[in-house]
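Fold and contact review
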Amino acid sequence: MLLSTQTAALQNAFGFEEAVRIIHEAGFDCYDFSMTRMGWEGHPLQRADYQESVKALRRYADSIGIPCNQSHAPFPMHRPDDDAWNKNIHEWCVRSLEITALLGGKICVVHPYNNWTPEENRDRVYLPLLPYCKKYGVKIAVENMWNWPAESPVAVPCACSLPENFCAHMDLLDPEWFVACLDIGHAEMFPDKTSAVQLIHAL
């Protein structure tokens, strides 16, 4: 078993290479490269030289002996009333697959859109990305999500939250290129409906 953690908080504070160094010195076997903020204005992975930055990170990580095992793409996959975001999110996810490959990662987590059905997520999120999985040799991991409406005192289920829905998503996708990313914390947010153990058995 390999132990890995996301670079998100560290890279936001210290930059890509320092984040990987800290993760390595903390004893992790590999790192999960976070691209969740790629859509934010001014993010370095939006620049024209993003490939050079990523290749430099790969060289540095290789030199200290810590590989990238997976990554996280930007999300959400849709924002109501945000046409600019919705226009660009697909291309950002395509870039995420490319970057994952450049870093040597094998899997990129692409969240489903919380409020879409399994069929809508298949058709609007995952199938349009399949040609790029094949191009870059990177699988997509589908993660169990959660909603927390402003008027609710607790989280409520959404895409992949519950066993039947998570399995319905996975059954619609080619297992050669799509795998499940089970977030244990998310799984335990609905104690009256499911648990991590139930989701593990269902998957």
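Okay, so let's go over this structure. Quantities reported herein were computed from a predicted structural model and do not represent experimental measurements.

Our focus in this paragraph is the overall build of the chain. Along the backbone of the chain there are 9 helices and 6 strands. Taken over C-alpha atoms, the radius of gyration comes to 17 Å for the chain, in line with the 17 Å a tight globule of 203 residues would show. Dimensions of the chain along its principal axes, counting C-alpha atoms only, are 45 × 40 × 35 Å. Within the chain, the proportion of its 203 residues that are buried is 43%. In the chain, the share of contacts with a sequence separation of at least 24, taken over all contacts with a separation of at least 6, comes to 70%. Computed over 16 positive and 26 negative side-chain charges, the separation of the two mean positions in the chain equals 7 Å.

This part takes up the layout of surface pockets. Put simply, the largest pocket is a space of about 290 Å³. As for the largest pocket, its lining consists of 16 residues, of which Gln6, Asp32, His72, Glu143 and Asp183 are closest to the centre. Mapped by element, the contributors of at least two residues to the lining of the largest pocket are strand 3 (68-72), strand 5 (139-143) and strand 6 (178-181). In terms of residues, the lining of the largest pocket owes the most to one element, strand 6, which gives 3 residues. The computed volume of the second largest pocket comes to approximately 210 Å³. Every residue along the wall of the second largest pocket is listed here: Phe75, Pro76, His111, Pro112, Tyr113, Asn114, Asn115, Met145, Trp146, Asn147 and Trp148. Of the residues assigned to the lining of the second largest pocket, the class counts are 7 nonpolar, 4 polar and no charged.

The full count for this structure, using the stated rule, is 5 aromatic pairs. Judged by centre distance (4.7 Å) and plane angle (65°), the ring pair of Tyr113 and Trp116 falls under edge-to-face. Tyr113 gets classed as buried once you look at its relative accessible area, which sits at 11%. In this structure Trp116 comes out as buried when scored by relative accessible area, which is 12%. Residue placement shows Arg79 over the ring face of Trp85; its charged tip is 3.7 Å from the ring centre.

Before going further, it helps to spend a moment on the pairing of strand 3. Where a strand is regular, its side chains alternate between the two sheet faces. Taking burial as the measure, the 5 residues of strand 3 include 4 buried ones, the bulk of the element. Relative to strand 3, strand 2 (residues 30-34) runs parallel, the two sharing 4 bridges. The partner of Ser34 across the bridge, within strand 3, is His72. Tracing the backbone out of strand 2, into helix 3 (residues 50-64) and back to the parallel element strand 3 gives a crossover that is right-handed. For strand 3 and strand 4 (residues 107-109), the ladder comprises 3 bridges, and the chain directions are parallel. Directly across from Ser71, in strand 4, lies its bridge partner Cys108.

With that settled, the discussion passes to helix 5 (residues 118-126). Listed in full, the buried residues belonging to helix 5 are Pro118, Asn121, Val125 and Tyr126. Projection of helix 5 onto a plane perpendicular to its axis shows the buried side chains occupying an angular sector of 65°, all on one side. Here the buried face of helix 5 lies against helix 6 (130-136), strand 5, helix 7 (163-171) and strand 6.

Quick look at the sheet that holds strand 4 now. Backbone hydrogen bonds are what pair the strands of a sheet, in a parallel or an antiparallel way. Spatial strand order, 1-2-3-4-5-6: 6 strands in an open sheet with parallel pairing. At either margin of the open sheet sits one strand with a lone partner, and together these are strand 1 (4-6) and strand 6. Pairwise comparison of adjacent strand axes, ignoring direction, gives a mean angle of 30° for this sheet. Pairing of strand 4 with strand 5, which is carried by 3 bridges, proceeds in the parallel orientation. Residue pairing for strand 5: Cys108 is matched across the bridge by Ile140.

Counting residues in hydrophobic clusters, the biggest one holds 45 residues, and the most contacted among them are Tyr31, Phe33, Leu45, Ile99 and Val110. Top contributing element to this core by residue count: helix 4 (residues 83-103), with 8 residues. Excluding anything up to four places from it in sequence, Val110 contacts Ala73, Met77, Cys93, Val125, Tyr126, Leu129, Ile140, Ala141 and Val142.

About the thresholds
- Residues numbered from 1 in each chain as written.
- Predicted model: local features only at pLDDT ≥ 70, side-chain atom pairs only at ≥ 80, totals over all residues.
- Heavy atoms only, no water.
- Helix = DSSP H or I, 4+ residues; strand = E, 2+ residues; numbered from the N terminus.
- Rg over C-alpha atoms; globule rule 2.2 N^0.38 Å.
- Buried < 20%, exposed > 50% of the residue type's maximum accessible area, 1.4 Å probe, protein only.
- Contact = heavy atoms within 4.5 Å.
- Lys, Arg positive; Asp, Glu negative; His and termini not counted.
- Charge placed at Lys NZ, Arg CZ, Asp CG, Glu CD.
- 1 Å grid on protein atoms, 1.4 Å probe; cavity = no way out; pocket = protein on both sides within 12 Å on 5 of 7 lines; lining within 4 Å.
- Points joined across faces, edges and corners; volume = space filled by probe spheres on them.
- Nonpolar A, V, L, I, M, F, W, Y, C, P; charged D, E, K, R; others polar.
- Phe/Tyr/Trp six-rings, centres within 6.5 Å; stacked < 30°, edge-to-face > 60°.
- Lys NZ or Arg CZ within 6 Å of the ring centre and 35° of its normal.
- Pairing = 2+ DSSP bridges.
- Right-handed = clockwise from strand over helix to strand, strands pointing away.
- Arc of directions from axis to C-beta.
- Axes fitted to C-alpha atoms, helices over the stretch in contact; angles between N-to-C directions.
- Core = buried A, V, L, I, M, F, W, Y, C linked by side-chain atoms within 4.5 Å.

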